[in-house]
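Tertiary structure, described
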Amino acid sequence: MPRNDGPGELVAAARARSGMSQRTLARRARTAQSVVARIELGETSPSWVTLHRLLKAAGFGLSAVLRRIAVDPALLDDVPRILRLTPEERLREVAQVSRFVSAARRV
């Protein structure tokens, strides 16, 4: 299975590799087929327990690794200023960023 995929992609890949239908996987994991479908489509995010149960039912294990991610300190420089903004000011700022990103994508 590919790494860094979301839970839906992991469940879909495990199910496909095991040759199971959504219905069969759901039955083995003691859940509904619609739950498996919503997870695979990314419409819902399963709990760790549910994800583990689905992958186990497909014949796969689940493990987690805790690792520190590198964050550019410059990205955090603006946090104090943002925290001082009122909710309305934050919404205006988000709207401005959204307009900027939309304009940049059109170019």
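Residues numbered from 1 in each chain as written. Predicted model: local features only at pLDDT ≥ 70, side-chain atom pairs only at ≥ 80, totals over all residues. Heavy atoms only, no water.

A look at the environment of Ser45
Residue placement: Ser45 occurs in the loop between helix H3 (33-40) and helix H4 (48-57). Distance in space between the C-alpha atoms of Ser45 and Gly6 is 8.8 Å, their sequence separation being 39 residues. (Helix = DSSP H or I, 4+ residues; strand = E, 2+ residues; numbered from the N terminus.)

Looking at the pattern of salt bridges
Overall, the coordinates contain three salt bridges when judged by the stated rule. Across the pair Asp78 and Arg81 runs a salt bridge whose closest N-O atoms are separated by 2.7 Å. Overall, Arg81 belongs to the partly exposed group, its relative accessible area being 29%. Of the charged contacts, one joins Arg81 and Glu93 as a salt bridge, the two residues approaching to 2.6 Å between their closest N and O atoms. Placement of Arg81 in helix H5 (residues 79-84) and of Glu93 in helix H6 (residues 87-106) is noted, with a sequence separation of 12 residues between them. When its relative accessible area of 24% is taken as the criterion, Glu93 is described as partly exposed. (Salt bridge = Lys/Arg side-chain N within 4 Å of Asp/Glu carboxyl O. Buried < 20%, exposed > 50% of the residue type's maximum accessible area, 1.4 Å probe, protein only.)

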